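Residue-level structural notes
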Amino acid sequence: MNVAFIPVRGGSKSIPLKNIKPINGRPLVYWTVRAACGCRDIDKVYIATDSEEIRKTVEAFRSGREAELFSKAEVIGRSAESASDTASTESAMLEFAREHTFDTIVLIQATSPLLQSGDLDRGFQAYREEGTDSVLSVVREKRFHWAEDAEGYAAPTNYDVFHRPRRQEFDGYLVENGAFYICSRDALLKSENRLSGRIKAVEMHPDTSFEIDEPSDWIIIEALMKKNGIMAPSEIPEIKMFLTDCDGCLTDGGMYYSEKGDELKKFNTRDGMGFALLREKGIKTGIITSESVDLNRRRAEKLKLDILEAGCKDKKSMILRLCEEYGIRPEEVCYVGDDINDIESVRLAGYGCCPADAHPRVKAEADYITEAKGGQGVIREVIDRILTQGM
């Protein structure tokens, strides 16, 4: 049996909980789990984590719209020792190998969202070649390397300065991109290393040389994902009605009270401009909320929304009624929600969205997860996406 092993821990210092931070509309770990599940040579995909939040997020993939795709995925725990700042990846691999039976393991780094199923297919093809003990992914770079000696003088290490090769004549060199490594269980336990014996390298696209370690990497890789067409499977349909929950979407979900006991809420002004832009396009707008408070009514009036359904306990039925009233199909509706009472509405809508800090089960159903958290411009981000990409 061939298994994929994806270690993800919750203790990242540079980017807190980066493994489930949204990138290109999905949690970071989504992309590598998807690639592994899509590889024809992988029988089971194990995601090992010490974080309950990460566990819930990944498990939700299996119950979301893409449940069939993620049927190979299984979340397992890992010890605190193997998830510490100083622990090696090998320690997590060995811990897994001693507790599970399999023939071949492919280590996949969650910080490589440009990885595709086809790359893994080629990796296994190389692994099956006679005499191969292990495989790693690489990129070919054509740069001239220099090194300094003890006296501080520099000298080239991979070319002759008197015979500088042209780029098309220069073979370059191979660099690990950290995307994946393949070896047998026996070799891993014997060598205690992801690579041993006779090793083959599988070249990937030069763009995959980037890994996510720092916040600046996030911007670069997200742009590269879009450039390479690595997108979530759903596309934005034509939207004729835009509906949203209130607390946790238009607000941060906090409940604030004055000394006199008055309830206060914080709304984002950029969301207001977003609704105005939809109104210019003739798109119906509204709020559907289980709460029935005057604050929401006043905000809806100020935003000049077409719809305010307060005290609503069955949001899905309400959306269907509104669709019938306005002559709009559910697939022409965008709905933004953040908690479990929004799941059916997010699933029903043609374009279901949620904030970055939504409940994991909502994230699993959403077509798009915003970069923004609730109350920080979630609605405007979704509206900008609709107006620039979906119409």
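Fair warning: this is a prediction, and the values are worked out from it, not measured in the lab. (Residues numbered from 1 in each chain as written. Predicted model: local features only at pLDDT ≥ 70, side-chain atom pairs only at ≥ 80, totals over all residues. Heavy atoms only, no water.)

To continue, consider the sheet that holds strand 15 (residues 284–288). Spatially, the six strands line up as an open sheet ordered 16-15-12-17-18-19, and their pairing is parallel. Whereas interior strands pair on both sides, the edge strands pair on one side only; in this sheet they are strand 16 (307–309) and strand 19 (368–369). Across two bridges, strand 18 (residues 351–354) lies against strand 19 in parallel orientation. Note that in strand 19 the partner of Cys-353 across the bridge is Tyr-368. (Pairing = 2+ DSSP bridges. Helix = DSSP H or I, 4+ residues; strand = E, 2+ residues; numbered from the N terminus.)

Overall, the prediction assigns the chain a mean pLDDT of 90, with 96% of residues at 70 or greater. Averaged over each element, pLDDT in the chain is lowest for strand 13 (residues 256–257) (68) and highest for strand 6 (residues 104–108) (98). (pLDDT = per-residue confidence, 0-100.)

A few words on the packing of aromatic side chains. Considering all chains together, one arrives at eleven aromatic pairs under this definition. For the ring pair Tyr-30 and Phe-70, a centre distance of 5.4 Å and an interplane angle of 50° mean the geometry is tilted. You can see Tyr-30 sitting in helix 1 (residues 28–37) and its partner Phe-70 sitting in the loop between helix 2 (52–61) and strand 5 (73–77), a full 40 residues away along the chain. Overall, Tyr-30 belongs to the buried group, its relative accessible area being 1%. Under the relative-accessibility criterion, Phe-70 is labelled buried at 0%. Relative to Phe-102, the ring of Phe-96 lies with its centre 5.4 Å away and its plane at 20°, an arrangement referred to as stacked. Phe-102 matches Phe-96 in its accessibility class, with the two residues each being buried. Grouped by ring-pair contacts, the aromatic residues Phe-5, Tyr-46, Phe-96 and Phe-102 constitute a single cluster. (Phe/Tyr/Trp six-rings, centres within 6.5 Å; stacked < 30°, edge-to-face > 60°. Buried < 20%, exposed > 50% of the residue type's maximum accessible area, 1.4 Å probe, protein only.)

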